[in-house]
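What follows is the residue order along each chain.
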Amino acid sequence: MVTTLEGVLLDWHGVLDRRRFLDIVLALSRMKSMPPDQIKEQLQQDKKAYATGALQPEQFWKKLQQTYALTNGALEELQQHFLKVEKNEELWNILPYLQERYKLAILSDCSTDKAAIIRATVDLSSFKGAYFSCEARLSKADPAFFHMGLAGLGVQAHHCLFVDDTKQNILYAQNVGLQTHLFRNAGELERLLVQ
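Residues numbered from 1 in each chain as written. Predicted model: local features only at pLDDT ≥ 70, side-chain atom pairs only at ≥ 80, totals over all residues. Heavy atoms only, no water.

J.: A description of the pattern of salt bridges should follow, citing residues and the corresponding values.
T.: What the rule picks out here adds up to 10 salt bridges. One salt bridge in this structure joins arginine 119 and glutamate 135, with 2.9 Å as the shortest N-O distance. You can see arginine 119 sitting in helix H6 (residues 112–121) and its partner glutamate 135 sitting in helix H7 (residues 133–136), a full 16 residues away along the chain. Overall, the relative accessible area of 40% leaves arginine 119 in the partly exposed class. Judged by its relative accessible area of 44%, glutamate 135 is partly exposed. The closest approach of N and O atoms between arginine 184 and glutamate 188, which form a salt bridge, is 3.3 Å. Note on glutamate 188: relative accessible area 22%, which makes it partly exposed. Overlapping salt bridges, with partners in common, bring together Asp11, Lys140 and Asp164 in one network. (Salt bridge = Lys/Arg side-chain N within 4 Å of Asp/Glu carboxyl O. Helix = DSSP H or I, 4+ residues; strand = E, 2+ residues; numbered from the N terminus. Buried < 20%, exposed > 50% of the residue type's maximum accessible area, 1.4 Å probe, protein only.)

The following block contains the structure:
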């Protein structure tokens, strides 16, 4: 158990939601017989612009369709998969218990279209705030985004745990001074936080 912990910032994609941007990369890799790392690199700039709202969803999906010569059907399949919310039920089941002990918030690189779906369809009342990059116009690469989440929780960085499923985002959080946990499954996180 982390002893000096007051708050927990949770990522959305790959943590609270099983859907991830990586799913788009892997689907394109299969469709186009290209290495996932090559697609990931090609999409890096557009992904950040899409997540911070600099590239509107219609523009992002149209550009994706043109770049990879996707049929309307293939594009729609990608959109439906990524934009659907698939809650990680094991984690959501322990949120009430965590909420009794810690201040909770969401801090996620999230596009405008996905954030709108989340806000319209998911009960976020367990969280003191939901900070989405598209609304803040910042990404996890920007320390100011973490500071926004910390200010919302009212905790200092060293008293806050950041939970994310990607190593790069964990490094960004560590640079701001947060405690971190690389998420693999709800059981590991529960053992860390619930004792």
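J.: Outline the packing of aromatic side chains, listing residues and values.
T.: When we look at a pair of aromatic rings, we describe it by the centre distance and by the angle of the planes. Taken as a whole and assessed by the stated rule, the structure comprises eight aromatic pairs. Ring centres of phenylalanine 21 and phenylalanine 60 lie 6.0 Å apart, and the angle between their planes is 55°; this geometry places the pair in the tilted category. Linking phenylalanine 21 in helix H1 (residues 21–32) with phenylalanine 60 in helix H3 (residues 57–67), this pair joins segments that are 39 residues apart in sequence. Taken as a pair, phenylalanine 21 and phenylalanine 60 share a single burial class, namely buried. Ring plane angle 85° and centroid distance 6.0 Å describe the contact between phenylalanine 21 and phenylalanine 82, whose orientation is recorded as edge-to-face. Pair noted here: phenylalanine 21 is in helix H1 and phenylalanine 82 is in helix H4 (residues 72–83), with a separation of 61 residues, a long-range link. Of the residues examined, phenylalanine 82 reaches a relative accessible area of 3% and is grouped as buried. Ring pairs connect the aromatic residues Phe21, Tyr50, Phe60, Trp61 and Phe82, which therefore count as one cluster. Looking at arginine 101, its charged tip hangs above the ring of tyrosine 97, at a distance of 3.5 Å from the centre. (Phe/Tyr/Trp six-rings, centres within 6.5 Å; stacked < 30°, edge-to-face > 60°. Lys NZ or Arg CZ within 6 Å of the ring centre and 35° of its normal.)

J.: Can you explain unusual backbone geometry? Please cite residues and give values.
T.: A positive phi is found at serine 33, a non-glycine position, where the angle reads about 50°. Looking at the element boundaries, serine 33 is found in the loop between H1 and helix H2 (36–51). A positive phi angle is found at arginine 137, which is not glycine, with a value near 60°. Within the secondary structure layout, arginine 137 lies in the loop between H7 and helix H8 (143–153).

J.: Outline the side chain of serine 29, supporting the account with residue identities and numerical values.
T.: Of note, serine 29 is situated in helix H1. Residue classification places serine 29 among the buried positions, given a relative accessible area of 13%. Not counting residues up to four positions away in its chain, the partners in contact with serine 29 are Met34, Pro35, Pro36 and Ile39. (Contact = heavy atoms within 4.5 Å.)

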